[in-house]
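# Fold and geometry: a report
This is what each chain is made of:
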Amino acid sequence: MLLSSVFGPYAQDDDFGSRAINPMELFHNQVTREQGCFSPRMFHRSWGIMMIQANISAPCTVLDFPTRERFARELKANHYDVVGISAIIVNVGKVQEMCRMVRELSPESVIIVGGHVAAIPNVEALVDADHIVRGEGIAWMRKYLGEDEHAPIRHPAIVSGLQERFMGARMPGLKGRTAATIIPSVGCPMGCNFCTTSAFFGGKGKFINFYASGDELFEVMCAVEAELKVNSFFVMDENFLLYRPRALRLLERMKEAGKSWELYIFASVNAIRKYSMQELAELGVSWLWMGLESPHSSYGKLQGADLTQLTRELRENGIRVLGSTIVGLEHHTPGNITGEIEHAIGYQTDFHQFMLYTPVPGTPLYQDMEQEGRLLQNIDLADIHGQFKFNFIHAAISRDDSKRFLDWAFRRDFERNGPSLFRMCRTMLLGWRRYKDYPDPRVRERFARQMQKLRGAYNAALWAMEREFKRVNESVSEQIRSLRKEIEKESPIKARLNAALIGPVLLYLARREEKRLAKGRTYEPPTIIERTNWVAAS
Ligand code: B12
Ligand code: SF4
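Let me begin by describing the structure that accompanies this report. (Residues numbered from 1 in each chain as written. Chains lettered and ligands numbered in written order. Predicted model: local features only at pLDDT ≥ 70, side-chain atom pairs only at ≥ 80, totals over all residues. Heavy atoms only, no water.)

On to the sheet that holds strand S8 (residues 162-166). The pairing of strands in a sheet comes from backbone hydrogen bonds and takes either a parallel or an antiparallel form. Reading across from one edge, S2-S8-S9 is the order of the three strands in this open sheet, with antiparallel pairing throughout. Of all the strands in the sheet, the pair left with one neighbour each is strand S2 (41-43) and strand S9 (169-170). Looking at chain direction, S2 and S8 are connected through two bridges and run antiparallel. Pairing of Phe43 across the sheet is with Leu162, part of S8. (Pairing = 2+ DSSP bridges. Helix = DSSP H or I, 4+ residues; strand = E, 2+ residues; numbered from the N terminus.)

In structure tokens, the structure reads:
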């Protein structure tokens, strides 16, 4: 079996649906895209097909981020009974082309298409596949191959980010330096009307657990820790904190085993509020992605929450917050939208994602808008993703203005609050000060590791940042400088030394990067090939 992601290049406009504004990068795509050389850059593997590969016994190749030529070569070099293609909606044009290529180059192969692209209504008419798989793919593939679909899920060891760069410097890909990705479940039972991941895995009230208990999760994390030598985990679960018994059992096991792990998680506000700050600190939560949506939205998860207070409290406890705000909700008008964006920016979260309110095929919002006749016709599916322009008729905001407000939001957040790298250093220092004498040694150790980073490359980065950011906002540049001074108070020799020695190098690299970006430099992920059970095939 061949399992492939869609072909690149990704970060440039082409006829198959690639878009320059849609790089294969999490932060630079939708979070720090206006932060120039300060934007952290990295790629993430296609975890869905990695999970399927790890859970079938058939000889299997995963081809991640191929070029068209590499995909063609793979089809010609091996006889594949099955070719599985994984894609999201924006990449449907590439799926079309890949199906055409399979029919031409490997006509005997059965084509299976899975991932969010399957949510497009009547996708069967768009792509020439034998099977379109909606929802969870591991059980589907096991069943298709005649294997036990209910067998326990094996978790592959996944390094969360690849080829990381910051301020123009490429980070060394040392073992254990980057967090491991853990996927405890897919879907989210909250069922917000616009949410594609919730809808794709069953919608309101539904989700699929790969690891239902804290014990199972702990065992999986220990195995990955041993293999990748990591102590931090990017937990890819839409709402990790929602399942409190699982999280608390995980905490118990971590305490028993003395695990000083760091968790990067996603959680909704109602779920976060079920925990005390002490519980979050002990659980190792050090980075949190939360939907802020809008102060006037009516989503159940936000009811009764004081977001100003919550986001501040989290940061004061050393938890880096990535807040996500929706631009273009039904109640937004040109008169109130900038005020709402300013309000959201005022939370001073470490990172801020802005997304256009977007009816994506497969969601309840899409169905509602379709019934109301508000969907714009002839919008290319490659442009329906929330980072470009509205794909529906908004009562008060035009399609072109939607883009203007969105771009402005990112820009304004950057100018007012400074680079996210600076903000997260500030939060890390707050955490260190609060927890350096904490009774639980696991927690102390975690913050000591963060302090080590702060006095190292991060302090050097702050030195360069305060100089480079002066052009954008002098008062934020002053704040960056005072943060650096505070770090140097904690670590007078090492932090100063690092700033003095590495700072100028980073400043040079950052300025060089800024020039490259101005000339249109983009980044593409490497092609990766992994074969399993391969000997058995020959
Ligand atoms: C990691 C990630 C990325 C990575 C890319 C990873 C990659 N290599 O492609 C980055 C950060 C680069 C990225 C970029 C973008 N992403 Co993204 N991303 C995610 C994220 C956070 C995790 C995906 C994941 O691994 N999930 C866990 C795995 C296990 O689930 P899964 O991939 O869905 O796979 C399961 C099933 O779908 C199915 N399946 C998947 N593939 C296949 C194949 C076969 C053959 C079969 C049978 C089954 C099958 O089985 C799997 C196991 O159950 C999701 C959100 C989420 N929680 O899923 C968004 C998400 C997939 N991204 C999304 C979007 C829109 C984008 C962007 C357009 C940015 C944006 N504007 O939001 C860009 C597009 C970049 C591009 N040029 O293609 C949307 C897709 C919406 C849609 N309906 O199509 C999602 C759902 C986020 C959201 N809620 O809006 N993304
Ligand atoms: S809480 Fe978040 S993940 Fe869950 S349905 Fe709402 S938007 Fe989606």
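Attention now goes to the side chain of Gln53. On the secondary structure map, Gln53 appears in helix H2 (residues 47-54). Setting aside residues no more than four positions away along its own chain, Gln53 makes contact with Leu3, Cys60, Thr61, Val62, Glu530, Arg531 and Thr532. (Contact = heavy atoms within 4.5 Å.)

Let's shift gears to the packing of helix H16 (residues 441-468) against helix H17 (residues 474-490). Where H16 contacts H17, the axes come no closer than 9 Å and their chain directions differ by 150°. Here H16 is positioned roughly antiparallel relative to H17, judged by the angle of their axes. Here H16 and H17 pass one another in a crossing that is left-handed. Contacts between H16 and H17 involve Met451, Leu454, Arg455, Asn459, Leu462, Trp463, Met465 and Glu466 from the former and Ser477, Ile480, Arg481, Leu483, Arg484, Ile487, Glu488 and Glu490 from the latter. In the contact of H16 with H17, the residues fall into eight nonpolar, two polar and six charged. (Axes fitted to C-alpha atoms, helices over the stretch in contact; angles between N-to-C directions. Parallel < 35°, antiparallel > 145°, perpendicular 65-115°, else oblique. Left-handed = near helix turned anticlockwise from the far one by under 90°. Nonpolar A, V, L, I, M, F, W, Y, C, P; charged D, E, K, R; others polar.)

Attention now moves to the state of the cysteines. According to the stated counting rule, one finds zero disulfides in the structure shown. With no disulfide of its own, Cys425 lies 14 Å from the sulfur of Cys37, the closest cysteine sulfur. Exposure remark for Cys425: the relative accessible area of 2% places this residue in the buried category. (Disulfide = S-S within 2.5 Å. Buried < 20%, exposed > 50% of the residue type's maximum accessible area, 1.4 Å probe, protein only.)

The final tally for this structure, using the stated rule, is 54 salt bridges. Measuring nitrogen to oxygen at the nearest pair gives 2.8 Å for the salt bridge that ties Lys389 to Asp400. Of this pair, Lys389 sits in the loop between helix H13 (364-371) and helix H14 (399-417) while Asp400 sits in helix H14, placing them 11 residues apart in sequence. For Lys436, the salt bridge goes to Glu490, with nearest N and O atoms at 3.4 Å. Of this pair, Lys436 sits in the loop between helix H15 (420-435) and H16 while Glu490 sits in helix H17; the two residues are 54 residues apart in sequence, bridging distant segments of the chain. Classification of Glu490 by relative accessible area gives partly exposed; the value is 26%. What emerges from the salt-bridge pattern is a single network uniting Arg33, Glu34, Lys403, Asp407, Arg411 and Glu415. (Salt bridge = Lys/Arg side-chain N within 4 Å of Asp/Glu carboxyl O.)

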